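The chain contents come next:
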Amino acid sequence: MSRIVRAAAIQISPVLGDDGLGTARKVCQAIREAAEKGVKLAVFPETFVPYYPYFSFIQPAFRFGGEHLELYERAVVIPGPVTDMVAEAARQTGMVVVLGVNERDFGTLYNTQIIFDATGEILLKRRKITPTYHERMVWGQGDGSGLKVVESAAGRIGALACWEHYNPLARYALMTQHEEIHCAQFPGSLVGQIFADQMEVTIRHHALESGCFVVNATGWLTEEQIKEIARDPALEGPLRGGCFTAIVSPEGKLLGTPLTEGEGMVIADLDLALITKRKRMMDSVGHYARPELLSLLQDRRPARTVYYVGEADPFSTSTDEVAS
C-alpha cells in the first residue's frame, strides 16, 4: 500500500546581527509557507539558528574570539525560547521539522540537530559527533547517544550533519535502524562549486546504499551578508557557491530541480513504497549484509564528565532523556 509524504528541503539565509531570534522567526515563517503547499516534513540547513559560524572558515582562530563570544550569546538553549517557538509552529501546521542549531550547554557550543514531531514534541536532539576542520575551534564533540532513527508523523527519520556523511559507520548506524527518510544538513555558501558537486555525490550514494529518501538542505548567504561576514574583499570568494538543496529517491534519482543559489524550497512527494522496491534488490542491512563477517559496535552511552551515585543528576533535561 502506497504512503505519500510531501517533503520540503529549504534553502534560506539567516538573519545576522540581531538577538538570535530573528532567524528562528524566519524559520517559523518558512514552516507556515511550506504548510500552505501541503508539506508535512521540512528540513532546514546545518546550524541555521542563529547562523553557521562562517567567520571560523575565513579567519585564524586567534582573531575570531569576539565573534565566537557573540555566537555564545545568541546560541540556542534546549529547551528554550527558540525550541518553544519552532515547536509551536510545527504543532500548528502539523509538520515534522528538522532544524540545525548552535546549541549552548553552559560553557560549550554544539552543532545540534533537532527533530520536532507534528505535535511539537522534540523527538531527538543530537550533536555532530566530530566537527570538521575549522569547526573544531567552535563546537564540542557529540556522542553516540544521538545516532538514532525516530518514529515521526512523516515516517522513520534519521539525520546527519555535513561531513558526518563521510563517516560510513555513522551512516550505517542509521541504516541498521531502517530509516525511511534521511535528513541531511550542510551550511551552503561555502568552498565553491566543488562542495556542491561533492554534496550531490554524497547524498545520492546514501540514498542508494540505504534504500531511503534523502532530503538535503543548505544555507544561503546574500551578497550583502558575504560582505558583512568577510569584511575584506579578498575573503569573499570562499563564501560563495557550495549550495545543493535537493531531494533524492531510494533509487538515487533527483526529485525535482536542485536549488544551487538563492532562497527557496525543493518540494517532492515521497512514495515510501519505493523503499521496498529498492531493498528487494539490495538491502545493505538485511539480505545483502554479511553480519558473520562484518558488523558494527555502537556505544550509545551519553558522554559524561561525572556520575552521581544515590542522587538525581542536577543538570539533566527532559530533551536529554528523550535522546538517550
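Residues numbered from 1 in each chain as written. Predicted model: local features only at pLDDT ≥ 70, side-chain atom pairs only at ≥ 80, totals over all residues. Heavy atoms only, no water.

Peer 1: Explain the overall build of the protein chain to me, using residue names and the numbers behind them.
Peer 2: Scanning the protein chain from N- to C-terminus turns up 9 helices and 11 strands. Relative to the compact-globule value of 20 Å for 324 residues, the protein chain shows a C-alpha radius of gyration of 19 Å, a close match. Over its C-alpha atoms, taken along the principal directions, the protein chain stretches across nearly 55 × 55 × 40 Å. Sorting the 324 residues of the protein chain into buried and exposed places 54% on the buried side. Carbon together with sulfur atoms contributes 55% to the accessible area of the protein chain, which is approximately 14500 Å² in total. When the 32 positive and 40 negative side-chain charges of the protein chain are each reduced to one mean point, those points stand 4 Å apart. (Helix = DSSP H or I, 4+ residues; strand = E, 2+ residues; numbered from the N terminus. Rg over C-alpha atoms; globule rule 2.2 N^0.38 Å. Buried < 20%, exposed > 50% of the residue type's maximum accessible area, 1.4 Å probe, protein only. Areas by Shrake-Rupley, 256 points an atom, 1.4 Å probe, with all protein chains shown as cover. Lys, Arg positive; Asp, Glu negative; His and termini not counted. Charge placed at Lys NZ, Arg CZ, Asp CG, Glu CD.)

Peer 1: Residue-level account of the packing of helix α1 (residues 21-36) against helix α4 (residues 81-93), with values.
Peer 2: For the pair α1 and α4, the least separation of the axes is 10 Å and the interaxial angle reads 5 degrees. Put simply, α1 runs roughly parallel to α4. Touching L21, A24, R25, V27, C28, I31, R32 and A35 of α1 are P81, V82, M85, V86, A89 and T93, all from α4. (Axes fitted to C-alpha atoms, helices over the stretch in contact; angles between N-to-C directions. Parallel < 35°, antiparallel > 145°, perpendicular 65-115°, else oblique. Contact = heavy atoms within 4.5 Å.)

Peer 1: Can you lay out helix α7 (residues 223-230) for me, pointing to particular residues and giving the numbers?
Peer 2: Those residues of α7 not exposed but buried are Q225, I226, I229 and A230. For α7, the arc enclosing every buried residue in end-on projection is 125 degrees, short of the 170-degree limit, so these residues lie on one face. Those residues of α7 hidden inside the fold are in contact with α2 (55-58). Two residues or fewer past α7, R231 is found with a positive phi of approximately 65 degrees. (Arc of directions from axis to C-beta.)

Peer 1: Outline the UniProt feature "domain: CN hydrolase" (unreviewed entry) in the protein chain, supporting the account with residue identities and numerical values.
Peer 2: Feature annotation in UniProt places "domain: CN hydrolase" (unreviewed entry) on residues 5-272, given in this structure's numbering. Secondary structure across residues 5-272 divides into 29% helix and 25% strand, with the first and last C-alpha atoms of the span separated by 8 Å. (UniProt positions renumbered as here; feature names shortened; annotations may be inferred.)

Peer 1: Go over unusual backbone geometry with me, naming the residues and quoting the values.
Peer 2: A cis amide bond, omega -5 degrees, links V49 with the succeeding residue P50. Following the sequence through the fold, P50 ends up in the loop between β2 (41-43) and α2. With phi around 50 degrees, Y133 is a residue other than glycine that occupies positive phi space. For Y133, the position within the fold is in the loop between β5 (122-127) and β6 (150-152). Since its relative accessible area comes to 64%, Y133 is described here as exposed. With phi around 50 degrees, C162 is a residue other than glycine that occupies positive phi space. Mapped onto the elements, C162 comes out in the loop between β7 (155-161) and α5 (168-175). Here C162 falls in the buried class, since its relative accessible area comes to 5%.

Peer 1: Account for the pairing of strand β3 (residues 96-105), with residues named and values stated.
Peer 2: Within β3, 8 of the 10 residues are buried, which leaves the element mostly enclosed by the surrounding structure. As paired elements, β2 and β3 share 3 bridges and run parallel to each other. Bridge pairing in β3 places V43 opposite V98. Both β3 and strand β4 (residues 108-116) contribute to a ladder of 9 bridges, which runs antiparallel. Its bridge partner being in β4, R104 is matched across the sheet by L109. Between β3 and the antiparallel strand that follows it, β4, lie 2 residues; F106 among them carries a positive phi value of about 55 degrees. (Pairing = 2+ DSSP bridges.)

Peer 1: Please provide a residue-by-residue account of the packing of aromatic side chains, values included.
Peer 2: Under the definition given, this model contains 5 aromatic pairs. Note on Y52 and W139: the rings are 5.9 Å apart at their centroids and 70 degrees apart in plane angle, and the pair reads as edge-to-face. Of the two residues, Y52 sits in the loop between β2 and α2 while W139 sits in the loop between β5 and β6, which places them 87 residues apart along the sequence. A single burial state applies to Y52 and to W139, both of which are buried. Following the ring pairs from residue to residue traces out a cluster consisting of Y52, Y54 and W139. The positively charged end of R127 is found above the aromatic ring belonging to Y110, 3.8 Å away from the centroid. (Phe/Tyr/Trp six-rings, centres within 6.5 Å; stacked < 30°, edge-to-face > 60°. Lys NZ or Arg CZ within 6 Å of the ring centre and 35° of its normal.)

Peer 1: Give a description of the pairing of strand β9 (residues 213-218) that names residues and reports values.
Peer 2: Across the 6 residues that make up β9, a large majority, 6, are buried. Residues F213, V215 and A217 line one face of β9 and the alternating positions V214, N216 and T218 line the opposite face, and both faces are buried. In this structure, strand β8 (residues 181-186) lies alongside β9, joined through 6 bridges in parallel fashion. Its bridge partner being in β9, A184 is matched across the sheet by N216. A crossover connection joins β8 to the parallel β9 through helix α6 (residues 193-210); in handedness this β-α-β unit is right-handed. (Right-handed = clockwise from strand over helix to strand, strands pointing away.)

Peer 1: Any details on the sheet that holds strand β11 (residues 264-271)? Residues and values, ideally.
Peer 2: Pairing in this open sheet of 6 strands is mixed, and the strands run β5-β4-β3-β2-β1-β11 from one edge to the other. Only two strands of the sheet have a single neighbouring strand rather than two, namely β5 and β11. Sheet twist, expressed as the mean angle between neighbouring strand axes with direction ignored, is 25 degrees. Pairing geometry for strand β1 (residues 4-11) and β11, over 8 bridges, is antiparallel. Within β11, the position partnered with I4 by the bridge is D271.

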